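Examination of the molecular architecture
Below are the chains, spelled out letter by letter.
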Amino acid sequence: MKRRDYLKLGATATGGVLLPAVVGEQASAAAPTTPGHAKSGSPAAPRAGRAARPDLVVADFEGADWAGWTTSGTAFGAGPIRGAAKLASMDVAGYFGDGVASSEGAGDGPTGTLTSPAFTLQRNYLAYGIGGGDYERVTCLNLLVDGAVVRSATGRTTDTLQQGSWDVRAWSGRSARIEIVDTSAGDDWGHVIVDRIVQTDAPLKPPVGTQPLYQETWRPQVHFTARQWTMDRLNPGQRQEGWLNDLNGLIYYEGEWHLFAQRWNKCWIHAISTDLVHWTEQAPAFWEEHLGSGVQSGGCVIDYRNTSGLGSASNPAMVALWSRNDNASQCITYSRDRGRTWNFYAGNPVLTEPERDPMVFWYAPDNHWVMMLYGGGTYKLFTSPDLLHWSDTGNSVPNSFECPDFFQLPLDGDTNRMKWVLVRGNGKYSVGSFDGRNFTEETPQILSDSGANFYATKTWANTETGDGRRIQAAWMRGGAYPDMPFNQQVTFPCELTLRSTANGPRVFRRPIAELARLQRTPARLGRVRLAPRGSRTVDSSSGPVRLTFSGVSVPAGATLTITVRGVPVVVTSRAIACGGDPQPTVGPLTTIDVLVDRTSVEVFANDGEVSVSRCFLPSDDTTTASATGGDVVLGSVTAHPLASIWQS
């Protein structure tokens, strides 16, 4: 069944990727045509500028049967769906010739697969048309090399086929197969339609992101971004496989830092680092249990005491807790191999409560687990002896907002004066005390970062088994990356400390010391005095750079503007701003640390007392400092070029 009202509302679908496939050695002597429309079925005029090497047609689905392809299940029937009248009755458009491979011949209920014979990859691209549902892994077109899926595509929740292609030069000369999959039994848009799979050097729709991985034009070089997993998307500005959003379950375990993040409620993406600087993205940790059930935000713990029985004393389970899309079911997945593979807990959900975004930790004084859940503008508190059975404490924290993070910090480094810090999803935090069941705030809510792109922050748990630092990262929400095979980035990890100030305890956040591993030979300007309307170039490189300003003196009434590749950072004697409201400092502003990447800037003032995180697209390659309203002094300025985190 097709949810046509969904299309009428103009919802954006994001599959429609171009799959490669070549069955046999059939060469097309004629140039391929642009897709026709189902009402006429007639092809359009040949496209101009064809490749020097002729296209190789993998399959055009014009025959009465599957011509050597292997079927399983019943979804694809005995052969292609053919004929303009039949295709029009199914709303199919944008196809070539007279037939398509479709799993909708008997509706959305049947399931099955359609697999090509082996063929050799002999052109730069594999091109195809695809329609149907946007269900990754479920209604999709796969390219298999050595039996593994190396590229995959879905429809875009429309039966008008979308053209696409993949760059397959990495597998040139290798044997491959095409697999068309429909394992969706009766879901809305639970079908896939494919037409004209061609090996070509000149695809109708070039793929997104043909540049080398991690070297793409707008790919940040010192901030984590997700790679383009198995799918190339047609809409680079919309949802795509390189997308990430809310950070989840950050945890340190046995020398490895695990970073998890949502991908559109469909899965948790996963990356691992041994130094918090260089990251290796793994396959997604786990996907939703079934279509539409969703995998939302949550947390992760190591069950050292095996309270859940999901691991053992010698091999404790890594346990992730998260919410389904119903915003009422709190569920568990767990790993017994250091996060490499995951299992769904058979008793899910472990808690049915109209809340979401569970944050879980072990409270040692009372020997129980604590869960903090968001819902209705509050965080509710639950306890459990085993992660599987939860009790409502009846306590809550009002005026809260999504994705809680809750942890202890020593005040001024004194472990005898431990305080609890509660950070909301919007970056506001408060400091207080906690007795295992109830949080008592002792400060107002304070903004930890005034940047427009700072959201859904998390800190790494279990660091007491390592060096004990509390390290934070956030989703830099809302950045733009035109024509890139990825979308969104993560702030550079920052160490948090709690310090006494004249206004009470405040969280300071500054880049972790490991940033120095990326620093290359610096350029030093020494002391700089800026007269009103005076300007000085402090960096003219186009690559990532760390700029440090010490001995800064901005008198009352004066303004220092550091323009970072077109983005102004505005500094006064006691505040800093970058595209948002000024964030005040308690005392005079004396130091500024600016971390500049290809598409982001992070600013830290007074050793991290205030910070600003912002995404941007550069308008030039220079960074300048200028003054208005009075003389400004910069005691010293240093520019550290930074190596890429994607290089070993």
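Refer to the structure above for everything that follows.
To keep things clear, this report deals only with the structure shown in the data block. (Residues numbered from 1 in each chain as written. Predicted model: local features only at pLDDT ≥ 70, side-chain atom pairs only at ≥ 80, totals over all residues. Heavy atoms only, no water.)

**Re the environment of Ser297**
As a reminder, the rule being used: Numbered from the N terminus, helices here are DSSP runs of H or I no shorter than four residues, and strands are runs of E no shorter than two. Only protein chains enter the calculation, and the probe is 1.4 Å; a residue is then buried if its accessible area is under 20% of its type maximum, exposed if over 50%, and partly exposed in between. By the convention used here, residues are in contact when the closest approach between their heavy atoms is within 4.5 Å. The term polar contact refers here to a pair of N or O atoms within 3.5 Å; inside protein, the definition further demands a hydrogen-donor-capable atom paired with an acceptor-capable atom, and it admits residues adjacent in sequence only when both atoms are side-chain atoms.
On the secondary structure map, Ser297 appears in the loop between β17 (286-287) and β18 (298-302). With a relative accessible area of 2%, Ser297 lands in the buried category. The spacing of Ser297 and Asn265 is 32 residues in sequence and 8.0 Å in space, taken between C-alpha atoms. When sequence neighbours within four positions are dropped, the list of residues in contact with Ser297 reads Asp246, Asn248, Gln262, Trp268, Leu321, Trp322, Ser323, Asp357, Pro358 and Cys403. Among the polar contacts listed, one links the side chain of Ser297 to the side chain of Asp246, at a separation of 2.9 Å. Only 2.7 Å separates the side chain of Ser297 from the side chain of Gln262, close enough to count as a polar contact.

**A closer look at unusual backbone geometry**
Cis geometry marks the peptide bond from Asn348 to Pro349; its omega dihedral reads -5°. As for its position among the elements, Pro349 is in the loop between β21 (343-344) and β22 (351-352). The backbone phi angle of Asn462 is positive, close to 70°, even though this residue is not glycine. Mapped onto the elements, Asn462 comes out in the loop between β32 (454-459) and β33 (470-476). Residue class for Asn462 comes out buried when judged on its relative accessible area of 8%.

**A word on the sheet that holds strand β25 (residues 378-384)**
Applicable threshold: At least two DSSP bridges between two strands are required for those strands to pair. Lines are fitted to the C-alpha atoms to define the axes, a helix being fitted only along its stretch in contact, and any angle between axes, read from their N-to-C directions, falls within 0 to 180 degrees.
Judged by pairing direction, the sheet is antiparallel, and its 4 strands sit side by side in the order β23-β24-β25-β26 without closing on themselves. The open sheet has two free edges, formed respectively by β23 (356-363) and β26 (391-397), since each of these has just one partner strand. Sheet twist, expressed as the average angle between the axes of neighbouring strands with direction ignored, equals 25°.

**Focus: the sheet that holds strand β41 (residues 559-564)**
With antiparallel pairing, 6 strands are arranged side by side in an open sheet as β39-β48-β41-β42-β43-β44. At either end of the open sheet lies a strand with only one pairing partner, and these are β39 (535-539) and β44 (583-584). For strand β43 (residues 575-577) and β44, the ladder comprises 2 bridges, and the chain directions are antiparallel. In the strand pairing of β44, Ala575 is matched with Pro584.

**Structural notes on the packing of aromatic side chains**
What counts here: Centres within 6.5 Å are what make two rings of Phe, Tyr or Trp a pair, Trp counting through its six-membered ring; a difference in plane orientation under 30 degrees is then read as stacked, over 60 as edge-to-face, and the rest as tilted. The criterion is that NZ of a Lys, or CZ of an Arg, lies within 6 Å of the ring centre and within 35 degrees of the ring normal, and then a charge sits over that ring.
Counted according to the given criterion, the structure contains 34 aromatic pairs. Taking 6.0 Å as the distance between ring centres and 80° as the angle between the ring planes, the aromatic pair formed by Phe61 and Trp66 counts as edge-to-face. Across the pair, exposure class does not vary: Phe61 and Trp66 are buried alike. Ring centres of Phe361 and Phe406 lie 5.7 Å apart, and the angle between their planes is 65°; this geometry places the pair in the edge-to-face category. Within this pair, whereas Phe361 is found in strand β23, its partner Phe406 is found in strand β27 (residues 405-411), the two being separated by 45 residues in sequence. Look at Phe361 and you get buried, because its relative accessible area is 10%. Taking the relative accessible area as the measure of exposure, Phe406 reaches 2% and is therefore buried. For the cation-ring pair, Arg196 lies above Phe96, with the distance from its terminal atom to the ring centre recorded as 5.4 Å. Over the ring of Trp475 we find Arg477; its NZ or CZ atom is 5.9 Å from the centre of that ring.

**Details of the pattern of salt bridges**
The criterion, for reference: Salt-bridge detection follows one rule: a side-chain nitrogen of Lys or Arg within 4 Å of a carboxyl oxygen of Asp or Glu.
This structure, assessed with the given rule, holds 27 salt bridges. Here Lys380 ties to Asp392 by a salt bridge, and the two come within 3.4 Å at their closest N and O atoms. One end of the pair, Lys380, is in strand β25; the other, Asp392, is in strand β26, and 12 residues separate them in sequence. Residue classification places Asp392 among the partly exposed residues on the basis of a relative accessible area of 41%. Among the ionic pairs, Asp593 bridges to Arg546, the shortest N-O distance being 2.7 Å. In this pair, Asp593 sits in strand β45 (residues 592-596) while Arg546 sits in strand β40 (residues 545-553), placing the two residues 47 residues apart along the sequence. For Asp593, a relative accessible area of 13% corresponds to the buried category. Through salt bridges with shared partners, a single network forms among Glu254, Glu256, Arg338 and Arg340.

**Overview of the side chain of Asp246**
Here is the rule we go by: We score Asp and Glu as negative and Lys and Arg as positive, and we do not count His or the chain ends.
Looking at the element boundaries, Asp246 is found in the loop between β12 (192-200) and β13 (247-253). Among buried Asp, Glu, Lys and Arg side chains, Asp246 stands out as unpaired, with Arg356 the closest opposite charge at 6.0 Å. With residues near it in sequence (within four places) discarded, Asp246 still touches Phe260, Ala261, Gln262, Ser297, Cys403, Tyr455, Ala456 and Trp475.

**A word on the environment of Asp412**
Examined against the element boundaries, Asp412 turns out to sit in the loop between β27 and β28 (414-423). Judged by relative accessible area, Asp412 falls into the partly exposed class, the value being 41%. C-alpha of Asp412 to C-alpha of Ser500: the two residues are 88 residues apart in sequence and 6.5 Å apart in space. Setting aside its immediate chain neighbours within four residues, Asp412 contacts Arg417, Leu498, Arg499 and Ser500. Here Arg417 takes part through its side chain, which lies 3.2 Å from a polar atom of the side chain of Asp412.

**Details of the pairing of strand β29 (residues 428-434)**
Among the 7 residues in β29, 5 count as buried, and that is most of the element. The pairing of β28 with β29 spans 4 bridges and is antiparallel. The residue of β29 that forms the bridge with Val423 is Tyr429. Pairing of β29 with strand β31 (residues 446-447) involves 2 bridges; the strand directions are antiparallel. Across the sheet, residue Tyr429 finds its bridge partner in β31, namely Ile446. Across 3 bridges, the pairing between β29 and strand β30 (residues 439-441) is antiparallel. Its bridge partner being in β30, Ser433 is matched across the sheet by Thr440. Between the antiparallel neighbours β29 and β30 lie 4 residues, among them Gly436 with a positive phi of about 95°.

Geometric descriptors of this kind do not, in isolation, establish any biological role.
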